[in-house]
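Working through the structure, step by step
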Amino acid sequence: MRGMDDTSLDSLVTPAALVDLDRVEANLLRVSAYAREHGLRWRPHTKTHKTVELAALQLQAGAAGVTVATPREAEVMSTVADDVLLAYPPVGTGRLTRLMALPHRVRLTVALDSREALEGLGRAATGAGRTVGVLVEVDLGMRRVGVQSPEDAVTLARAVASTRGVEYRGILFYPGHVRSPLAEQDAALREQSARLGALVEALDGAGLKPGTVSGGSTPTLWRSHEVAGLTEIRPGINVLNDRNSASVGACAWSECAYSVLATVVSTAVPGQAVIDAGSKALAKEEGFAPEGGYGALLDRPEVLVRGLSEEHGLLDLSATAWRPRVGERVRVVPNHVCTSVNLHERLHVLRGGARHATWAVAARGW
């Protein structure tokens, strides 16, 4: 057993969020090469990691800029990025005030789908003496936000083009409803291409050809080039990956770079072990895997986190001969990495399996 030195995991109080930097770098190289090969701009969504150091690594690997969802993320990421996209409607005085206070060197773009959001943004930008780019958000099947037709897109794009303080830069969508395995995405991708094609044709015919067509997600990442007209991808999860990504074939299990270190605290109930990572460390999200559960062990993926309460995680031992002892450490890959990272104040970074650095999850909150 290793001593409790500065590079050992033994001295960490659990639960603790771990990031394997070797795997991160391999993940970045892969997506950067894919984007270059297919002529796509890569603008990763930093809501996954909320960490300045990881954003800097993404930019160094070739990202054209970053995507954020909150004013806090925009503020933090603007310390390392000069090109920031807020992929969220900028509604409300408090949100707008903070966005306008970003350094003027930052090329800021926002996504919106309403005149109300546009008018507020235009007034705020004019008052701040800056020009903010706008991407008209369109709905291609997610049914969450986004204008509903090519005609609506043209109407809103025209309004953007005539509003002071803003600049029309194109359109944005999110295919978050496509969660099937990669090999089963053919029909969904054909539909994306058809609907996107109709939108671009309508905008082009109105003299509003979109310079940017921004889309993409981690589940659809490696087939993004099949969506006709797409110019930019915004995957977030793929820098770290998670059980959901592995379940749909968006990554190999060996490419999961994030895990939560936990300690076995009880083995009293037969057929299970209890760890000290519950919903407040892993996040209680249902996953894509048909076998259910809330996560799986990194080194024993057949061992599922079958149940969660706030401070307890229940490991199902029915599919393994392994019988842990109280005090043993395990590493859990959660279903959804974004919601787990958001529960931790810091990431403990590993290099070659040893502790290498500690990074603050600085962009938590709003």
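What comes next concerns the included structure. (Residues numbered from 1 in each chain as written. Predicted model: local features only at pLDDT ≥ 70, side-chain atom pairs only at ≥ 80, totals over all residues. Heavy atoms only, no water.)

Thoughts on the overall build of the protein chain
Put simply, the rule reads: Numbering goes from the N terminus for both helices and strands, where a helix is a DSSP run of H or I of at least four residues and a strand is a run of E of at least two. In this description the radius of gyration comes from C-alpha coordinates, and the expected globular size is given by 2.2 Å times residues to the power 0.38. In this scheme, a residue with accessible area under 20% of its type's maximum is buried, one over 50% is exposed, and one in between is partly exposed, where area comes from a 1.4 Å probe on protein chains only.
Helices and strands together make up the secondary structure of the protein chain, namely 10 helices and 17 strands. Radius of gyration (C-alpha) of the protein chain: 22 Å, near the 21 Å computed for a compact globule of 366 residues. Seen through its C-alpha atoms, the protein chain measures out along the principal axes to roughly 65 × 45 × 35 Å. Sorting the 366 residues of the protein chain into buried and exposed places 55% on the buried side.

Some remarks on the packing of aromatic side chains
Our working definition: Between 30 and 60 degrees the pair is tilted, below 30 it is stacked and above 60 it is edge-to-face, where a pair is any two Phe, Tyr or Trp rings, Trp via its six-membered ring, whose centres lie within 6.5 Å. Remark: a charge is flagged as sitting over a ring if the NZ atom of Lys or the CZ atom of Arg is within 6 Å of the ring centre and within 35 degrees of the ring normal.
In the structure shown here, the tally under the stated rule is 1 aromatic pair. When the centroid spacing of 5.3 Å and the interplanar angle of 85° are considered together, the rings of Y34 and W222 count as edge-to-face. Of the two residues, Y34 sits in helix α1 (residues 21–37) while W222 sits in the loop between β8 (212–215) and β9 (232–233), which places them 188 residues apart along the sequence. This pair shows no difference in class: Y34 is buried, exactly as W222 is. Directly above the ring of W222 sits R30, whose terminal nitrogen or CZ lies 3.9 Å from the centroid.

Some thoughts on the pairing of strand β13 (residues 304–308)
Heads up, the condition is: Strands are treated as partners if at least two bridges between them are detected by DSSP.
Burial analysis of β13 places 4 of its 5 residues in the buried class, which makes it a mostly covered element. As judged from the 4 bridges shared by β13 and strand β14 (residues 313–316), these two strands associate in the antiparallel manner. For G307, the partnering residue across the bridge sits in β14 and is L314. What sits between the antiparallel neighbours β13 and β14 is a turn of 4 residues.

Things to note about helix α6 (residues 150–161)
Given 3.6 residues per turn, any residue in an α-helix points the same way as the ones three and four places further on. Here is the rule: The length a helix should cover is 1.5 Å for every residue beyond the first.
A rise of 1.5 Å per residue sets the reference length of α6, with its 12 residues, at 16 Å; its end C-alpha atoms lie 16 Å apart and thus fit the reference within 8%. Turning to α6, its buried residues are A153, V154, L156, A157, A159 and V160.

Looking at the pattern of salt bridges
Threshold: Salt bridges are counted wherever a side-chain nitrogen of Lys or Arg sits within 4 Å of a carboxyl oxygen of Asp or Glu.
Within this structure, the stated rule accounts for 23 salt bridges. With a closest N to O distance of 2.7 Å, R169 and E167 form a salt bridge. Owing to a relative accessible area of 39%, E167 belongs among the partly exposed residues under this scheme. Two residues, E291 and R243, come together in a salt bridge whose shortest N-O distance is 3.6 Å.

Some remarks on the environment of G313
Rules: Contacts were defined at the residue level, with two residues in contact if any of their heavy atoms lie within 4.5 Å.
Following the sequence through the fold, G313 ends up in strand β14. The spacing of G313 and A262 is 51 residues in sequence and 9.2 Å in space, taken between C-alpha atoms. Every residue in contact with G313, bar those within four places of it in the chain, is listed here: A273, V274, I275, A277, G278, V305, G307 and L308.

Considerations on the nonpolar core
Keep this limit in mind: Here, nonpolar core means buried Ala, Val, Leu, Ile, Met, Phe, Trp, Tyr and Cys residues that are tied together by side-chain atoms lying within 4.5 Å of each other.
Core analysis: the biggest nonpolar cluster contains 96 residues, and V24, L121, V136, V138, L240, Y258 and L315 have the highest contact counts within it. Once residues within four sequence positions are removed from consideration, V138 is found in contact with V145, G146, V147, A153, I171, L172, F173 and L199. In this structure, L9, A16, L261 and L350 belong to the second largest nonpolar core, which totals 6 residues.

Some points on the environment of T320
The criterion, for reference: Contacts described as polar in this section are N or O atom pairs within 3.5 Å, which, within protein, must combine one atom able to donate a hydrogen with one able to accept it, while residues neighboring in sequence count only if both atoms come from side chains.
Position of T320 among the secondary structure elements: in the loop between β14 and β15 (329–334). Once residues lying within four places of it in the same chain are set aside, the contact partners of T320 are E302 and V303. A polar contact is formed between the side chain of T320 and the backbone nitrogen of W322, at a distance of 3.0 Å.

Description of the pairing of strand β11 (residues 272–275)
For strand β10 (residues 258–266) and β11, the ladder comprises 2 bridges, and the chain directions are antiparallel. In the sheet register, V264 faces β11, and the bridge partner there is I275. Between β10 and β11, which pair antiparallel one after the other, the connecting turn spans 5 residues, and G271 there sits at a positive phi close to 85°. The pairing of β11 with β14 spans 4 bridges and is antiparallel. Across the sheet, residue A273 finds its bridge partner in β14, namely L315.

Thoughts on the packing of α6 against helix α7 (residues 186–205)
Basically, it comes down to this: A fitted line through C-alpha atoms represents every axis, and for helices the fit uses only the stretch in contact; the resulting angles, taken between N-to-C directions, go from 0 to 180 degrees. Our angle categories are set so that under 35 degrees counts as roughly parallel, over 145 as roughly antiparallel, 65 to 115 as roughly perpendicular, and the remainder as oblique. Handedness of a crossing follows from how the near helix is turned relative to the far one, being left-handed for an anticlockwise turn of less than a right angle and right-handed for a clockwise one. Under this grouping Gly is polar, as are all residues other than the nonpolar Ala, Val, Leu, Ile, Met, Phe, Trp, Tyr, Cys and Pro and the charged Asp, Glu, Lys and Arg.
Their axes nearest at 9 Å, the elements α6 and α7 cross at an angle of 40°. When the axes of α6 and α7 are compared, the pair comes out oblique. Classified by chirality, the crossing of α7 by α6 is right-handed. Contacts from P150, A153, V154 and A157 in α6 reach A198, L199, A202 and L203 in α7. Residues that form the contact of α6 with α7 fall into these classes: 8 nonpolar, no polar and no charged.

A look at the sheet that holds strand β5 (residues 107–112)
Working definition: the strands of a sheet are paired by backbone hydrogen bonds and lie parallel or antiparallel to each other. Pairing is parallel in the open sheet, where 8 strands are placed in the order β2-β9-β8-β7-β6-β5-β4-β3. Two strands bound the open sheet, and with one partner strand each, they are β2 (41–42) and β3 (66–68). Here α7 sits on the sheet and contacts β7 (166–172) and β8; the angle it forms with β7, its principal contact strand, is near 150°.

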